[in-house]
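# Notes for the structure review
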Amino acid sequence: MNENEKDVKIENEDDLFVPISQDMIQSEKIIAPRYSYWKSVFRIFFKKKINIFLIALFVLIFLIAFIGPIFAPYVYEENVNLLAAQHLSPSKALAFFKDKPELGPSIKWILGTGHIGNSIFYGIISSARTSLLLSTICAAINMVIGILLGAVWGYSKKFDAVMLVIYNIIANVPYLLLIMVLVYVIGSGFWSFVFALTVTGWLGIAYFFRTQVMIIRDREYSLASRCLGTPIPRVIGKNILPFLTSVIVTILATELPSYISFEVYLSYLGAGLSASIPSIGRMISQAQTGFTQYPWEFWPPVLVAAAITIILYLLGQNLADASDPRTHM
Amino acid sequence: MKVYMLKRILFSIFSLAVVVMIVMLLVYSLIDRKVIFQTDDIWNKKFLNDRTAYEYSQYEKFGYMTTTNYGAYLKDIYKDVEDYENDARYKEDKNAVKKKFTFLESDGISAFIDKYGYLQMDKFDSFLFNYYTEKKTKRVNEINKRIKEIENTKEPASEDEKRRLGNELAALKAELPVLQKQLDERNYDSDSQYVKDHELIKEVDVFLENESVRGFVEKYTAQGYKISYLEPVKYSNGKDKPGGSGQLYAIKERFVLWRLWDYVKGLITVETTNDVNDPNLTDRYIRFENDPNGWFAVVGSGTQHKYLLYFDDRFPFIHQNFIHLNLGVSHTRYRGEEITNVITTPQGSMKNKNIIAANGEIINTSINVHSVKYSQTAEVGEELKNMFADNYTSYQYNFDGLSRIENSFVCGIISTILAYLLGLPLGILMARQKEKFIDHLGNVYIIFIMAVPSLAYIFMFAVIGTTVFKLPYSFANSTRTIFGTQTKLLGYFLPIISLTLPSIGGLMKWMRRYMIDQMNSDYVKFARSQGLSEGEIYRTHISRNAMIYIVHGIPGAILGSLTGAIITERVYGLPGVGNLLTEAINRHDNAIIVACTVFYTTLSIISLILGDLLLAKYDPRISLSSSKGGGR
C-alpha cells in the first residue's frame, strides 16, 4: 500500500462499481509468466512421448555398452584354435557350446560365432562401447574447437581474412584422403584415430558457425550493444551464442552419428581402427565377404550401428527443434 | 568480375600446390619408407648388399632420392674404350670396391664418414677423439647408474642371482677406474679399439687409391651426394656371401619442393614434331589426312603418336593425342604403368574389327590402328607388315569394356541425373504435403539414409536387388545375352541404384527444407493475394527460389562422379577409379596417392568455381566480386 491509494476518495459507497486505486509503479511493470529458457526447452522436448522412449532406449544401450564388457569380456582370438567353432549359426553355436561351459555362458553364443570362433554377441557389446566413445570424444573435440574458433572467426574481421585462406586451402584436401593418409602415417590406434578425425574435422563446423555468427553480428541489437561499449567477449557470450543454441544442437545431432558411420566406412576400406580394438566397423567389414552365407555375422552389427545412429540423430533433431525459442509459444 | 575470376584461379592453383605439397610431405617424410618392402617378394629374395642396392633403386623409383652407382660411372668413363668389358684397367677399377675393406665395421669410422664423407681425412683424429670421449663419458654414467641400482637391490631371490649380481658389480667396479683414468689423462692409447680404428682408417686411403673410385667419390661429393660404400661380406675362405659383394653408391635425398617442381613440370606434355629422336627421320610434319578407318585425322610425323586427332566408333568418338597428362608412374599396384593409362585404358576382352590396312586390304584384327606410336626400328611380324607403312608400329589393342574412369563416370552421371529428376520433385511434393502422410513417409526415408551407415544400406540394396529383381550381384559375372549380343549392361543396374537412392534422400531433404523456408515469404503471400493458383505459385515462384540453393551443388555432383564411388564399386566389384586411392594406400603406392590428390583436389576446386558461376548466373542478385552496390 502506498500514498497514492489514500488520496483516492470514495464518493459513493453504494455504487455497484468501485473505482480501484491506480498504482503508478505497478502499471509500469509488464506482467508476463516467468520464462526460463532451458525449462521451456525440456518442457517442449518431453511433450513428445517418443523422446522419452528414445532416451530410455539410448540409456539402455549406453549401460549395456559400458557396463556389459565387465561381465562379458570379449576376447577376439579366444577360440582361434577351435576350428569347429568357426561360422556357427546361433542355433548351431548354442548346441556346440552347450557342453563347454568353461568357454562362457550360453548367452554368449546367442548370436552365433564369427570367422575365428569369436562370439558375435560379446563382440557387439564391446564394439558398441568403442563406437560410442569414439563418436562422443570426436564430437566433443570438434564441437568445442569449431564453435569457439567459429565464434571468433565470425566476429573478428582480421581473423576472418587469415582463416579464410587456411580454410580455402584445407577444404580442398578431400577429407577421406586426409584421414586415410593420416591413419597410414600415424598408425591406427584409438587415439591416433581420434587425432585423424579431429585434426581438420573442426574446420567445417567452424566455417558453418562463422556464417551464423556473421548473420547475427550485424543485427541491430548487436550493433546497439557495441555502440554502448559492451566488450566483445560479452557480446559473443550474451548476444550471439544464446541465439545459436539450436544451431549448435543441430550440428551435434548430425555430428555424433556421423563418426559411427565413418568408422564403419573407414574399417571397410582397410583404414579403420587397429585389429586389437573391437569395433563395429571391423565386425561389419569382416563379415561382408560372406554376408549371404553367414548373415548372423553381418546383420547384428549393422543393426546395432543403425540403431545407435538413428536414436542419436532423432534425439538430436528433436532437441534442436525444442531448443528453438520460436517453438516455445 | 574478370579480375575476381583471375584472382580466384590463381589462388586455386596456389592452394592446389600447397595441398599436393602437404600430401607429399605426409607421404614421403612421415611414413617409414621401409614399409614399401613389406609386400615385396623381390626384396625378400635378396640379401645383404644386394638388398640394400635394391632398396636404393626402389627408393629412387618411388621418388625418395636420386642415386647413382659406381658401375654406371665406370661405364660412362670407359665408354670410348673399345670392348672395355675385357679391358684390364676396367677390370681392376671394377674390382677395386670388391676387395676386402672392413673399415665400416668400426662404429667410429662409420660415424665419421656419415658426418664428413670420404675426403676430409684431416678431421679424423679430432673427430675420433671426441667420439670416444663422448662414448666413454656415457659409459661411465651408465656404470655409475648400474652400480647404484645393484647396491639398492634388496635381498636377491636365489643364490644364483646373488652370485651373478656380485660378479657384475665387481666387473663394473674394475672397469670404472680404467675409464676414469683415460678420461682424466685425455689419452685413449690404452684402448685397443681406439688404436684399431686408427689402423682401419688407413684402409680408406687404400680404398681411395684407385683413381676411378676416388673420381667417383670426388665427383658426387662435390654435387652434394652422400657416398654409400657397401662393404663386401665374405666367408672365411674369402668368397663372397650370396648378395655380399662390395658395391659403391652415391645417394641424395630429394627435397620436397624439388619433388613438387619436377612433378608439376612434367604434369602436362604437348607432342611436337621433335619428340622422336631419330636422325633417319627427315620428314617431320603435322597435317590433315584422310583416314580410311575414320573420317579424317590430324596425322603427325616426328611426334610420338601418329594420330593426333582422329574419329572412331568409340565414345566420345573424337580423340586427341596432342596433350598428355602425366600423373606419375605406379610402382606397386600396377607395376610400372602410367597412372593416366591405368585410369583411361579400356578394359574387358579384346574386340575384333574390320580395318583397312595401309595397302588397302581389309583385315579383321583386334589391333587399334589409331594407337600406334613411333618405334626406332619398325619390327612387325610378317602378317602385319602390310598394315603399317611407316615406323609407327607400336600398337595397342581394342577392348570391348569401358575404362576405369568411364565406368565410374557412367554410373555417377546416370545416378546424378536420376537423383535430381526424382529427388527434387519428391522434395517439392513433401513440402506441399507438409505434415501429411507423404511428408512423414519421406522423412522416415531421409532419416534412414542420413543415419544408417552407407555400407549397411548398400548391402541391403544388394540383397533386395539380387533376390527380388534377380539382378546380377558382381560386375564380373554380369555378362548376359540381350538382343543377341553379349553385354555387361545388367551389371550397371545395382551400382547405379545404390548410388541414386542415397542421393535422392539428400536432395529431398534440402529441397523440402528450402521450399518450406520460402513458403512463408511475403512474395508468396502477395502472389496468393493476386489470385495465382497454388500450382503456379509452387512451380514458378517457390521452387525457383528454392532452386537457388540447389544449383550450387550441381557441378560438384557431375564432376564428382569422375572420382568414383568407393564403397559401391567395391561391393559390386565394378572396375572404376573409386578404389584407386584406397588400394594405393594399402599397397604403399606413393605415386598413386599423389596423383589422386591432384585429381580429386582439381575436381573439387573446379566444381566450386563452376558452382559459384552457375549460382551467379541463375540468381542475378548474387555478385561474386565483393564490390558492393553494383555499377562497376
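Residues numbered from 1 in each chain as written. Chains lettered and ligands numbered in written order. Predicted model: local features only at pLDDT ≥ 70, side-chain atom pairs only at ≥ 80, totals over all residues. Heavy atoms only, no water.

So, about the overall build of chain B. Helices and strands together make up the secondary structure of chain B, namely 22 helices and 15 strands. Its C-alpha atoms give chain B a radius of gyration of 35 Å, clearly above 26 Å, the size a compact globule of 632 residues would have. Overall size of chain B, expressed as C-alpha extent along the three principal axes, is 110 × 80 × 65 Å. In chain B, which comprises 632 residues, the share counted as buried stands at 43%. Put simply, chain B shows about 34800 Å² of open surface, and 57% of that area lies on carbon and sulfur atoms. The positive charge centre, built from 75 side chains, and the negative charge centre, built from 72, are 8 Å apart in chain B. (Helix = DSSP H or I, 4+ residues; strand = E, 2+ residues; numbered from the N terminus. Rg over C-alpha atoms; globule rule 2.2 N^0.38 Å. Buried < 20%, exposed > 50% of the residue type's maximum accessible area, 1.4 Å probe, protein only. Areas by Shrake-Rupley, 256 points an atom, 1.4 Å probe, with all protein chains shown as cover. Lys, Arg positive; Asp, Glu negative; His and termini not counted. Charge placed at Lys NZ, Arg CZ, Asp CG, Glu CD.)

With that settled, consider the pairing of strand β6 (residues 296–301) of chain B. Residue and element names in this part refer to chain B. Burial of β6 is extensive: five of the six residues sit out of reach of the surface. Sheet topology places strand β5 (residues 285–290) next to β6; six bridges connect them, and they run antiparallel. Looking across to β6, one finds that Asn290 is bridged to Phe296. Hairpin connection between β5 and β6: a loop of five residues separates the two successive antiparallel strands. Sheet topology note: the β6/strand β7 (residues 307–311) ladder contains two bridges and is antiparallel. Note on β7: the bridge partner recorded for Val298 is Leu309. Taken together, β6 and the strand that follows it, β7, pair antiparallel across an intervening segment of five residues, in which Gly302 is found at a positive phi of about 100 degrees. (Pairing = 2+ DSSP bridges.)

Residues and elements named next belong to chain A. When you line up the elements, Gln286 lands in helix α14 (residues 280–287). The exposure class assigned to Gln286 is partly exposed, which follows from its relative accessible area of 26%. Separated by 172 residues in sequence, Gln286 and Gly114 have C-alpha atoms that sit 8.8 Å apart. In this view, Gln286 contacts Tyr76 and His115; residues no more than four positions away in its chain are not counted. (Contact = heavy atoms within 4.5 Å.)

Residues and elements named next belong to chain B. Phi angles above zero are rare outside glycine, and Asp83 is one such case at about 50 degrees. A positive phi angle is found at Lys470, which is not glycine, with a value near 55 degrees. Topologically, Lys470 is positioned in the loop between α15 (454–467) and β14 (480–482).

What follows is about the domain arrangement of chain A. All names here are of chain A. Here chain A is partitioned into domain 1 (38–65 + 127–328) and domain 2 (75–118). On the domain 2 side, the residues contacting the five residues of domain 1 number ten residues. Ranking the residues of domain 1 by area buried against domain 2 places Gln286, Trp296 and Glu297 at the top, with a combined share of 71%. The tally of links from domain 1 across to domain 2 stands at zero salt bridges. (Domains from an automatic or database assignment. Buried area = accessible area lost by both parts, 1.4 Å probe. Salt bridge = Lys/Arg side-chain N within 4 Å of Asp/Glu carboxyl O.)

Moving on, we get to the side chain of His319(B). Residue and element names in this part refer to chain B. By the secondary structure assignment, His319 is in strand β8 (residues 318–320). At a separation of 2.8 Å, a polar atom in the side chain of His319 contacts the side chain of Asp312. Beyond its immediate stretch of four places on either side in the chain, His319 contacts Leu308, Leu309, Tyr310, Asp312 and Arg314. (Polar contact = N/O pair within 3.5 Å; in protein donor to acceptor, adjacent residues only side chain to side chain.)

To continue, consider the interface of chain A and chain B. Interfaces are frequently sized by the accessible area removed from exposure as the parts join. In this complex, chain A contributes 32 residues to the contact, which on the side of chain B involves 40 residues. Interface of chain A and chain B: buried area, both sides summed, is about 3200 Å²; carbon and sulfur atoms make up 82% of it. For chain A, the biggest contributors to the area lost against chain B are Asn172(A), Tyr184(A) and Tyr268(A); these three give 23% of the whole. There are zero salt bridges connecting chain A and chain B. If you look at where chain A meets chain B, you find one residue pair in polar contact (both at pLDDT 80 or more). Per element, the largest residue contribution to the side of chain A that touches chain B is nine residues, and it comes from helix α15 (residues 295–322) of chain A.

A few words now on the pattern of salt bridges. All names here are of chain B. Counted by the stated rule, this structure contains 28 salt bridges over all chains. With a shortest N-O distance of 3.3 Å, Lys202 and Glu199 are connected by a salt bridge. Of this pair, Lys202 and Glu199 both sit in helix α9 (residues 192–209), separated by three residues, roughly a single helical turn. By relative accessible area, which is 46% here, Lys202 ends up partly exposed. Given a relative accessible area of 48%, Glu199 falls into the partly exposed group. Several salt bridges share partner residues, and in doing so they unite Arg146, Glu149, Glu161, Arg164 and Glu168 into one network.

This part covers the sheet that holds β6(B). Residue and element names in this part refer to chain B. Taken together, the four strands give an open sheet; going across it, the order is β5-β6-β7-β8, and neighbouring strands pair in antiparallel fashion. Each of the sheet's edge strands pairs with one partner strand only, and the pair in question is β5 and β8. Averaged over all neighbouring strand pairs, the angle between strand axes comes to 15 degrees, with direction disregarded. (Axes fitted to C-alpha atoms, helices over the stretch in contact; angles between N-to-C directions.)

It is worth spelling out the confidence of the model for chain B at this point. Residues and elements named next belong to chain B. In this model, chain B carries an average pLDDT of 85, and 97% of its residues clear a pLDDT of 70 or more. The element-level mean pLDDT for chain B is lowest in strand β15 (residues 485–487), coming to 72, with helix α13 (residues 404–432) highest at 92. The ipTM assigned to the predicted complex is 0.75, against a pTM of 0.79. (pLDDT = per-residue confidence, 0-100.)

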